[in-house]
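# Structural overview for review
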Amino acid sequence: MYELSDSQIEFIHNDIAGRGISMEHLQNDLVDHVCCILEHTLEPGANFEHHYQTVIKGFYEEELAEIERETKLLLTFKNYYIMKKMLTPVAIAALVPVITGTLFKIMHWPGANLLLVCGSLLLALLFFPLLGVVKAKETTIARAKWENGLGATAAALAITTAIFKILHWPYATVFMVCSVVFAAVYLSLRAMGMMQKS
């Protein structure tokens, strides 16, 4: 089996970096793969650079940088699918105490306020921000990302307003005004977007 020299390994590393691979772990993985192939296929006395060019062409269709683009895309969508799967359990975990707390409040049973606060916090601080991020990742249009962010913020503020009003806490009016402003901006952007499409 052929053994690559340090200078040859450095040549491979520099060439891979020069072809647009900037992620360090991806560079190292590619260097390892290429070195393994070369050591198993390169005959003693053969032209190293010519054989290397033949091997590296097997890793891409047009350019080597497409590997990094695909890797980044896969990592992005992996996070997206994890967040999307989390939406349903988070929604259930938030809505169960909200619905139970509402029932307890109507029946004047103890623990109603605690249930309402826990459920509302989950909705406002976890569910709606998570929903906003998931929806933002589903589009590449900057305006749509802003719309999703504003909509999630307006919904979170509306939930916060409701809980502050129900429990007679201070600053409920401030939250209400903020939620109305965010909702108005969100609806205006949506309306303008729909008019532009038609």
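Since the structure is predicted, the reported quantities are computational estimates derived from the model, not experimental observations.

## Some details on the side chain of Ser120
Counting through the fold element by element, Ser120 comes out in helix α5 (residues 112–137). Once residues within four sequence positions are removed from consideration, Ser120 is found in contact with Val98, Ile159 and Ile163.

## Here we look at a nonpolar patch on the surface
A cluster of nonpolar residues, Leu103, Ile106, Met107 and Trp109, forms a patch on the protein surface that exposes about 420 Å² of accessible area. Among the secondary structure elements, Leu103 is positioned in helix α4 (residues 65–107). The exposure class of Leu103 is partly exposed, given its relative accessible area of 44%.

## Observations concerning the packing of aromatic side chains
The full count for this structure, using the stated rule, is seven aromatic pairs. Here the aromatic rings of Phe11 and Phe48 are separated by 5.8 Å at their centres, their planes lie at 70 degrees, and the arrangement is edge-to-face. One end of the pair, Phe11, is in helix α1 (residues 6–18); the other, Phe48, is in helix α3 (residues 48–56), and 37 residues separate them in sequence. For Phe11, a relative accessible area of 27% gives the class partly exposed. You can call Phe48 buried: its relative accessible area is 11%. Joined through ring pairs, the aromatic side chains of Phe11, Phe48 and Tyr52 make up one cluster.

## Thoughts on helix α2 (residues 24–41)
An α-helix turns once every 3.6 residues. As a result, residues three or four positions apart point the same way. Its 18 residues give α2 an end-to-end C-alpha distance of 26 Å, which sits within 8% of 26 Å, the value for a rise of 1.5 Å per residue. Every buried residue of α2 is listed here: Leu26, Gln27, Leu30, Val31, Val34, Cys35 and Leu38. Within α2, the buried residues cover an arc of 160 degrees as seen down the axis, which keeps them to one side.

## Describing α1
Across its 13 residues, α1 extends 18 Å between first and last C-alpha, which sits within 8% of the 18 Å expected from 1.5 Å per residue. Regarding α1, the residues found buried are Gln8, Ile12, Asp15 and Ile16. In an axial view of α1, the angular spread of the buried residues amounts to 100 degrees, which keeps them on one side of the axis. Among the exposed residues of α1, those pointing more than 90 degrees away from its buried face are Asp6, Ser7 and Gly18. Considering only its buried residues, α1 is in contact with α2 and α3. Looking one or two residues beyond α1, the residue adopting positive phi is Gly20, at roughly 100 degrees.

## Description of unusual backbone geometry
With phi around 60 degrees, His108 is a residue other than glycine that occupies positive phi space. Despite not being glycine, Tyr171 has its phi angle at roughly 70 degrees, a positive value. Relative to the elements of secondary structure, Tyr171 occurs in the loop between α6 (142–166) and α7 (172–197).

## Regarding the pattern of salt bridges
Applying the stated criterion across every chain, the model contains four salt bridges. One salt bridge connects Asp15 with Arg19, and the closest N-O pair in it is separated by 2.6 Å. Judged by its relative accessible area of 23%, Arg19 is partly exposed. In this structure, Glu147 engages Arg143 in a salt bridge whose closest nitrogen and oxygen atoms are separated by 3.7 Å. You can see Glu147 and its partner Arg143 sitting in helix α6, four residues apart, about one turn around the helix. Salt bridges linked by common partners bring Arg143, Glu147 and Arg190 together as one network.

About the cut-offs
Counting of residues starts from 1 at the beginning of each chain's written sequence and follows it residue by residue. Residues qualify for local features only when their pLDDT is at least 70, as the model is predicted, and side-chain atom pairs are given and counted only at 80 or more; totals for whole chains, interfaces and linings, by contrast, use all residues. Hydrogens and waters are ignored; side-chain quantities use all the structure's heavy atoms. Numbering of helices and strands starts at the N terminus; helices are DSSP runs of H or I of at least 4 residues and strands are runs of E of at least 2. Throughout, a contact is declared for two residues whenever any of their heavy atoms are within 4.5 Å. Excluding any residue in a salt bridge, patches collect residues exceeding 30% relative accessible area, merging like charges within 9 Å and nonpolar Val, Leu, Ile, Met, Phe, Trp and Tyr side chains within 5 Å. Accessible surface is estimated by sampling points in the Shrake-Rupley manner with a 1.4 Å probe; for residues, cover comes only from the protein chains shown. What counts as a salt bridge is simple: a side-chain nitrogen of Lys or Arg found within 4 Å of a carboxyl oxygen of Asp or Glu. Think of it in three bands: with a 1.4 Å probe and only protein chains considered, a residue is buried below 20% of the maximum accessible area for its type, exposed above 50%, and partly exposed in between. Stacked, edge-to-face and tilted are the three classes for Phe, Tyr and Trp ring pairs, Trp counted by its six-membered ring, which pair at centre distances within 6.5 Å; planes under 30 degrees apart are stacked, over 60 edge-to-face, the rest tilted. How far a helix is expected to stretch is found by multiplying one less than its residue total by 1.5 Å. As used here, the arc is the angular range of directions from the helix axis to the C-beta atoms.

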